[in-house]
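These are the residues of each chain, in order.
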Amino acid sequence: MKLSRFSRAGSAVMVGAVALSLAACGNTDPVASSTDEAADEPTVEISGEFSGAGASSQESAMEAWVAGFQSQYPDVTINYDAAGSGAGREQFLAGGVVFAGSDSALKDEEIASSTEVCGPDGAIDLPVYVSPIAVAFNLPGIDSLNLDPATIAGIFAGTITTWNDPAIAATNEGVELPATTITPVHRSDDSGTTKNFTEYVAATAPDVWTYEADGVWPLESGDSAEGTSGVVGVVTDTEGAVTYADASKVSELGTAAIKVGEEFVPISAEAAAAVVDASPLVEGRHEHDFAIKIDRTTTEPGAYPLVLVSYEVVCLNYTDEATGNFVKAFLGYIASEEGQEAAASAAGSSPITADTATQVQASIDAITVG
């Protein structure tokens, strides 16, 4: 992810929050020592209990981040409530947690309301986790399928109802497709993953998917469950079911390669990073805000545009010194080479680039305390 190519002030990816406390993720096993500059810088003494909430897509990465950070700061307790992006932003904006994880950037009205808890500079979006969204299905004996955008949209809109539909067969020559009924499974909670998925189908198959992109699922048809683990669980237990979910969580389910230009691109961290690199920043944001406008219709070879960029939503100012020092140190760890490698190992995410990490540290340095 190369944010340095954009003309924003030389800072990039993550920072501050709002205050509260967290319960622990009790893993204190040491993580490999960091060799990068951010992790080696002198730090202030940090202790206490701190809370965050939000995107369930970040759950595995957050567990690794918490374990690694607490191995360096044993007097810190962190708890992350993977309640979903919408719930995390709500808690953050209500002053209930010190940071929020979100698979979609703050809306303009949320940025405006963030001044109530963050002060006049408000909150910013800092991308720290990049991962493809899988179209994951349960069809015994079939591990992968090729699906074009219109077919994906038709499956989730309910117009394609069996797995041997001609639209699916047309892109999967030689695959013995069953006549099994398709059960589309969507998120029941306000979800950034839903927002990213609906952005993709709305952009790439507007004649089939006629609904606006939103974190709340627009249809009553199909099945539903809360959180990433919820939808994956339903699909795992239901033959013929299909869902959209962070690729790190789909386990043994089959996954689709999606059509980009004239090729079908399977899921990979490299393919996710390719589309992020090809996408611009959202205009009109604070110089330290790095909300990315993913190019869902890219034809870039090897790019996988059904991707989520997950953010830490944080404040630019902390009046409480302990909270501010914690946020700066924790986000510095997340952005470090060690932190990004820990997330990649635990969640299969795509590490941010060294250039981005440098810019991230500049944004962290911009956080004021007191």
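One can find the structure itself at the top, above this paragraph.
Rules used in this analysis
- Residues numbered from 1 in each chain as written.
- Predicted model: local features only at pLDDT ≥ 70, side-chain atom pairs only at ≥ 80, totals over all residues.
- Heavy atoms only, no water.
- 1 Å grid on protein atoms, 1.4 Å probe; cavity = no way out; pocket = protein on both sides within 12 Å on 5 of 7 lines; lining within 4 Å.
- Points joined across faces, edges and corners; volume = space filled by probe spheres on them.
- Helix = DSSP H or I, 4+ residues; strand = E, 2+ residues; numbered from the N terminus.
- Buried < 20%, exposed > 50% of the residue type's maximum accessible area, 1.4 Å probe, protein only.
- Salt bridge = Lys/Arg side-chain N within 4 Å of Asp/Glu carboxyl O.
- Contact = heavy atoms within 4.5 Å.
- Polar contact = N/O pair within 3.5 Å; in protein donor to acceptor, adjacent residues only side chain to side chain.

1. Side note on the layout of surface pockets
Put simply, the largest pocket is a space of about 390 Å³. Around the largest pocket, the lining is made up of 17 residues, and of these Ala105, Lys195, Glu199, Val282 and Ile292 lie nearest the centre. Looking at the lining of the largest pocket, the elements with two or more residues in it are helix H8 (192-204) and strand S11 (307-315). Counting residues per element, the lining of the largest pocket draws most heavily on H8, which supplies 3 residues.

2. Comments concerning unusual backbone geometry
Even without being a glycine, Ser251 presents a positive backbone phi close to 55°. Checked against the element boundaries, Ser251 lands in the loop between strand S8 (241-246) and strand S9 (254-260). On the accessibility criterion, Ser251 (59% relative accessible area) is exposed.

3. Some remarks on the pattern of salt bridges
Under the counting rule described, the total for this entry stands at 6 salt bridges. A salt bridge links Arg285 to Asp289; the shortest N-O distance between them is 3.8 Å. For the pair Arg285 and Asp289, one class covers both residues: buried. Through salt bridges with shared partners, a single network forms among Asp125, Arg285 and Asp289.

4. Describing helix H12 (residues 337-347)
Of the positions making up H12, those classed as buried are Glu338, Gly339, Gln340, Ala342, Ala343 and Ala347. On its buried face, H12 sits against helix H2 (59-72), strand S4 (123-137) and helix H11 (321-335). A positive backbone phi angle near 70° is found at Gly348, which sits one or two residues after H12.

5. So, the environment of Tyr244
The residue Tyr244 is located in strand S8 in this model. In this structure Tyr244 touches Ile133, Ala134, Phe156, Val185, His186, Arg187, Thr193, Thr194, Phe197, Trp217 and Val231, once residues within four positions along its chain are discounted. Among the polar contacts listed, one links the side chain of Tyr244 to the backbone nitrogen of Arg187, at a separation of 3.1 Å. Looking at Tyr244, its side chain comes within polar contact range of the side chain of Thr194, at 2.7 Å.

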